Amino acid sequence: MNKDKKIKITPIEYGTVIDHIKNGHAMKVLRIIGVLDKKMDSIVSVAMNVNSSMGKKDIVKVENIEIKSDELDKISLISPRATVNIIRNYEVIKKHDVKLPEKVKGIVSCINNTCITNQNEPVEPEFDVIGKDPVTLKCVYCERDMKGEEISENVL
Ligand code: CTP
Ligand code: ZN
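The rules behind the values
Residues numbered from 1 in each chain as written. Chains lettered and ligands numbered in written order. Predicted model: local features only at pLDDT ≥ 70, side-chain atom pairs only at ≥ 80, totals over all residues. Heavy atoms only, no water. 1 Å grid on protein atoms, 1.4 Å probe; cavity = no way out; pocket = protein on both sides within 12 Å on 5 of 7 lines; lining within 4 Å. Points joined across faces, edges and corners; volume = space filled by probe spheres on them. Helix = DSSP H or I, 4+ residues; strand = E, 2+ residues; numbered from the N terminus. Nonpolar A, V, L, I, M, F, W, Y, C, P; charged D, E, K, R; others polar. Domains from an automatic or database assignment. Pairing = 2+ DSSP bridges. Axes fitted to C-alpha atoms, helices over the stretch in contact; angles between N-to-C directions. Donors = N, O, S within 2.8 Å, 3.2 Å for Na, K, Ca; no water. Tetrahedral: all angles 85-135°; square planar, octahedral: opposite > 155°, others 65-115°. Buried < 20%, exposed > 50% of the residue type's maximum accessible area, 1.4 Å probe, protein only. Near = heavy atom within 4 Å. Polar contact = N/O pair within 3.5 Å; in protein donor to acceptor, adjacent residues only side chain to side chain. Areas by Shrake-Rupley, 256 points an atom, 1.4 Å probe, with all protein chains shown as cover.

A. Examining the layout of surface pockets more closely. The computed volume of the second largest pocket comes to approximately 360 Å³. Broken down by secondary-structure element, the contributors of at least two residues to the lining of the second largest pocket are strand E1 (14-22), strand E3 (55-63), helix H3 (69-78) and helix H4 (149-152). A class-by-class count of the residues in the lining of the second largest pocket yields eight nonpolar, eight polar and seven charged. Residues lining the lining of the second largest pocket come from more than one domain, with at least three contributed by each of domain 1 (14-97) and domain 2 (103-152).

Below you can see the structure in the form of C-alpha cells.
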C-alpha cells in the first residue's frame, strides 16, 4: 500500500467497513444503514471515488457497530460487489461479500402505483431476483421489472 492511500483512508479500531461500493452510491448506503435519518449516532466516515484496481469505488466506515443482515441485503441490491469487513482492534477479523438474495421481501417497494402492494392492503412487497448484473427484480404480484435507480430509490 502506498503512503498516499494510507493518508486518505484512516483505519478504524472497531466497527464495520463496507468496501467496494459502486462509486457514487455511498449516500444510498448511508441511507440504508440509517445515518441520514439519525437512527444511529456512530462515527461514520465516507470516501467516494477512491481509485482501486477495479476502477473507482466508494467506502463507508461505521465505528463501534456491526451492520445488521437485512441492511446487508439492501446494500447487495444497490451494490452487489460490496464487501463487508468486520474490524476489531484495528484488524480485519472477518471479510465477506454481500449476498444477493434469490427473493426480496419487504425491503423494496414496487414502482407500479397500481400494484396490490401499494393499495393499503396487508400485502408485503415481494420480488424475484431475475438478473444479477445489473440487479433486476420482478414483482411477484404485478410482474413489473425494476432495476438501477428504480430499485435504489425504493429501498424501504
Ligand atoms: N480497514 C479499516 N480499518 C482497519 C482495517 C481495515 O478501515 N483497521 C479498511 C481498509 O481501509 C479497507 C477495508 O477495511 O477499505 C478492508 O481492509 P483490508 O482487507 O486490509 O484491505 P484489502 O486487502 O485491500 O481488501 P480487499 O481485498 O477486500 O480489497
Ligand atoms: Zn408490483
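B. Layout of the sheet that holds strand E5 (residues 91-97). Pairing within the open sheet is antiparallel, and its five strands lie in the order E2-E3-E1-E4-E5. Every other strand in the sheet has two partners, leaving strand E2 (44-52) and E5 as the edge strands with one partner each. Strand-to-strand twist in this sheet, taken as the mean axis angle between neighbours without regard to direction, amounts to 20°. In this structure, E1 lies alongside strand E4 (residues 83-88), joined through six bridges in antiparallel fashion. Residue pairing across strands places Ile-18 opposite Val-84, the latter belonging to E4.

C. Seen up close, the coordination of the zinc ion (ligand 2). Surrounding the zinc ion (ligand 2) are the protein donor atoms Cys-110 (SG), Cys-115 (SG), Cys-139 (SG) and Cys-142 (SG), which sit 2.3 to 2.4 Å from the metal. Metal-centred angles of 99 to 117° between the four donor atoms at the zinc ion (ligand 2) mark the site as tetrahedral. Along the chain, the residues that donate to the zinc ion (ligand 2) are spaced as C-x4-C-x23-C-x2-C. We note that Cys-110, like Cys-115, is buried.

D. Up close: the pairing of E5. Examined bridge by bridge, E4 and E5 share six bridges and lie antiparallel to one another. By the bridge assignment, Arg-88 is partnered in E5 with Glu-91. Linking E4 back to E5 in an antiparallel pair, the connection comprises two residues, with Asn-89 at a positive phi of about 50°.

E. Looking closely at unusual backbone geometry. Of note, the amide linkage connecting Asp-133 to Pro-134 takes the cis form, showing an omega dihedral of 5°. Note on placement: Pro-134 falls in the loop between strand E7 (126-132) and strand E8 (135-139). Despite not being glycine, Asn-120 shows a phi value in the positive range, around 60°. Following the sequence through the fold, Asn-120 ends up in the loop between strand E6 (103-105) and E7. Overall, the relative accessible area of 83% leaves Asn-120 in the exposed class.

F. Quick peek at the site of ligand 1. Taken together, the neighbourhood of ligand 1 is formed by Ile-9, Pro-11, Ile-12, Val-17, Asp-19, His-20, Lys-61, Asn-85, Ile-87, Tyr-90, Val-92 and Lys-95. Residue Ile-12 places a main-chain N or O atom 2.8 Å away from a nitrogen atom belonging to ligand 1. With respect to ligand 1, the backbone of Tyr-90 contributes an N or O atom lying 2.8 Å from a nitrogen atom. Surface burial for ligand 1 is 66%, taken as the share of its 600 Å² of free accessible area covered by protein chains. Counting only elements with at least two residues in the shell around ligand 1, the list comes to E1, E4 and E5. Examining the composition of the shell around ligand 1, we find that three residues originate from one element, E1, more than from any other.

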